[in-house]
Amino acid sequence: MKRSDARQWFLPVIFTVALASQGNSDPEPQPQMDFTQGLQGTFNADWEGIAARTYFMQFSTNLVDWHFAPFIDFGDGEHNRGIESDSDKFFLRLYYGDFPGINSLDDAMNADFDGDGLSNIFEVTHGYHPFDIESTAGGPDASHDPDADGLGNATEQASGTNPMNKDNTLLQLEVIVD
Amino acid sequence: MFCGQGSAQEVKTPPVGTVTAIPGVIQVAAPPEPAAAVEKPDFQIEGTQVKLIDVVESPPMPGLPPVSGTMTLKVHSVADPGLPDPPRPPESAISAGTEDFAEYTGEQPKAHFAFISATVYDRSRTRLTCYPRGGGEKGVTVWSNVDFNHFSGISAFEAKGSDGEIRSYHLMMGIGNETTEGRRELLAEHGIEWEMPEIPTLPDGPPVFVVESQDPDTETLELVEDLHALYRDEGKRMAELSAAREKAYEDKKAYLLANPPKPKDVTVHFWNRGDSSTRPEAEQP
């Protein structure tokens, strides 16, 4: 078990950002997310989902720079996330929208909302913005090569390799023909 | 002796029969005791992203340069550590009977929430406006010979009147400082002549005040009297603690200038806690 100093972090600021509800002029209101203290220095973020709604979570340590949490949630029912951080200040917000053609969590993860060639789940799990084709200073997200192995993100995604690890090389497939 | 400009007004002193006390400890500037260490969950990491972020943060104290540098942000996706939900508050804490509550509160001194705005001129005279319960309509403005900087760090005090009534005050105080020469010179640089407020002549020594407001609210005036009674009883200690606080502030500022802080690296863990119906609830402590 790791030990850490207890900190008074997580200012009790929670808010939500509604993305465009395309094709739905009167979207169902989103219930407020509950943000409560958990056990062992953790925090719980719980919210009630709306059917066919895609949820991203963003966090910030300064209310200026917002980062995507590495997951996507979808649809109705309860959503319960756990969070722990050593930051002195921490802010959370839900980032959600109702998108036509997105009918399941798989749809939401595999879709490419900004059309840059990278799936939404690839973007949020690797630190990119799923609604911005150039969300870092390293150029377009699709061609960005954070591990400097000569393969851009789009290639790494297509190959199933880790864009953050240059030792994780392309999987070589050997085709044996009888 | 401060050179007042105002006309003669009635100088009031706090009632002799009022006794005051400051509950608890007056904070100086010593850091609070570190909280007890919390045993963090033993996370099983499933995925990690690392970002190097150039940040410029606001300075930790006024007059210091901003905190700038590169911070490392690590975001881990982890397996659910399986923590139970925190226990709900005990039933008895929620459903206390109203009669019990009335009996409890009936034994407590009457609580007053006072909002106070203080502008201290040349660390010598204070223009004080008090708003009981935050209401602006009953605000009372007085001039005082007390340096209200000495009230910083005090959030509550009690006063017992000669009639035996105990008044418990909770203070929300904003304190500003004005240096008349500095203000005059600053405005003169911009071609503006400063109209200094008309400060009544007040004697040095024991705390006194003159009322600027017309027909002041009686209850608010009582607060002003109690503030001055507190300074009469505790002023020496308050002044010493204020000086210690200022020294600690300057020491900390000098330290931070010599040892500029760098942005702190941050690590975040996220996990899916699953359905609440499958999670146990922690036992009551």
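Residues numbered from 1 in each chain as written. Chains lettered and ligands numbered in written order. Predicted model: local features only at pLDDT ≥ 70, side-chain atom pairs only at ≥ 80, totals over all residues.

Caption draft 1: The arrangement of the overall build of chain A in detail. Along its length, chain A carries three helices and nine strands. Helices and strands appear in chain A in the N-to-C order β-β-β-β-β-β-β-β-β-α-α-α. Of all 178 residues assigned to chain A, the portion counted as buried reaches 33%. Contacts in chain A between residues at least 24 apart in sequence constitute 53% of all its contacts with a sequence separation of at least 6. (Helix = DSSP H or I, 4+ residues; strand = E, 2+ residues; numbered from the N terminus. Buried ≥ 20, exposed ≤ 12 C-beta atoms within 10 Å, placed from the backbone. Contact = placed C-beta atoms within 7 Å.)

Caption draft 2: Molecular detail of the domain arrangement of chain B. All names here are of chain B. Domain boundaries assigned for chain B yield domain 1 (19-23 + 108-258) and domain 2 (45-81 + 262-275). Summarising the inter-unit geometry, the C-alpha centres of domain 1 and domain 2 are found 41 Å apart. Counting residues at the interface gives four residues for domain 1, matched by four residues for domain 2. (Domains from an automatic or database assignment.)

Caption draft 3: Structural view of the environment of M61 of chain B. All names here are of chain B. With respect to the secondary-structure elements, M61 resides in the loop between β3 (45-57) and β4 (67-78). C-beta crowding within 10 Å serves as the criterion here: with 12 such atoms nearby, M61 is assigned to the exposed category. In the structure, M61 is positioned 220 residues away from E281 in sequence and 43 Å away in space, judged by C-alpha atoms.

Caption draft 4: Layout of the sheet that holds strand β5 (residues 110-121) of chain B. Residues and elements named next belong to chain B. Spatially, β1-β8-β9-β5-β6-β7-β10 is the arrangement adopted by the seven strands of the open sheet, whose pairing is mixed. Among the strands making up the open sheet, the edge pair consists of β1 (19-21) and β10 (209-211). Each strand of the sheet is rotated relative to its neighbour by a mean of 30 degrees, with strand direction disregarded. Relative to strand β9 (residues 166-178), strand β8 (residues 156-160) runs antiparallel, the two being bridged by five bridges. Looking at β9, one finds that A159 is bridged to R167. The sheet strands contacting helix α4 (residues 218-258) are β1, β5, β6 (125-132), β7 (140-144), β8, β9 and β10, and the helix crosses β6 at an angle near 130 degrees. (Pairing = 2+ DSSP bridges. Axes fitted to C-alpha atoms, helices over the stretch in contact; angles between N-to-C directions.)

Caption draft 5: The interface of chain B and chain A, seen in detail. Across the contact, 32 residues belong to chain B and 34 residues belong to chain A. Mapped onto the side of chain B that touches chain A, the elements with two or more residues apiece are β2 (38-39), β3, β4 and β11 (266-272) of chain B. For the side of chain B that touches chain A, the element with the highest residue contribution is β11 of chain B, accounting for seven residues. Residues that form the side of chain B that touches chain A fall into these classes: 17 nonpolar, eight polar and seven charged. As paired strands, strand β8 (residues 77-85) of chain A and β11 of chain B are joined by five bridges and run antiparallel to one another. If you follow R81 of chain A over to β11 of chain B, its bridge partner there is N272 of chain B. (Nonpolar A, V, L, I, M, F, W, Y, C, P; charged D, E, K, R; others polar.)

Caption draft 6: Expanded view of the pairing of strand β5 (residues 53-60) of chain A. Residue and element names in this part refer to chain A. Most of β5 is tucked away, with six of its eight residues classed as buried. Relative to strand β9 (residues 91-98), β5 runs antiparallel, the two being bridged by eight bridges. Its bridge partner being in β9, F59 is matched across the sheet by L92. The pairing of β5 with strand β7 (residues 73-74) spans two bridges and is classified as antiparallel. If you follow Y55 over to β7, its bridge partner there is D73. Two strands pair when backbone bridges link them, and β5 and strand β6 (residues 67-68) are joined in this way by two bridges, in the antiparallel orientation. Looking at β6, one finds that F59 is bridged to H67. Following β5, the chain reverses through six residues before pairing antiparallel with β6; L63 in that reversal takes a positive phi of roughly 65 degrees.

Caption draft 7: Structural context of the nonpolar core. Residue and element names in this part refer to chain B. Counting residues in hydrophobic clusters, the biggest one holds 29 residues, and the most contacted among them are L128, C130, V142, F148, L223, V224 and L230. Those elements that provide at least two residues to this core are β5, β6, β7, β8 and α4. When residues of this core are assigned to their parent elements, the largest contribution, eight residues, is made by α4. (Core = buried A, V, L, I, M, F, W, Y, C linked by C-beta atoms within 7 Å.)

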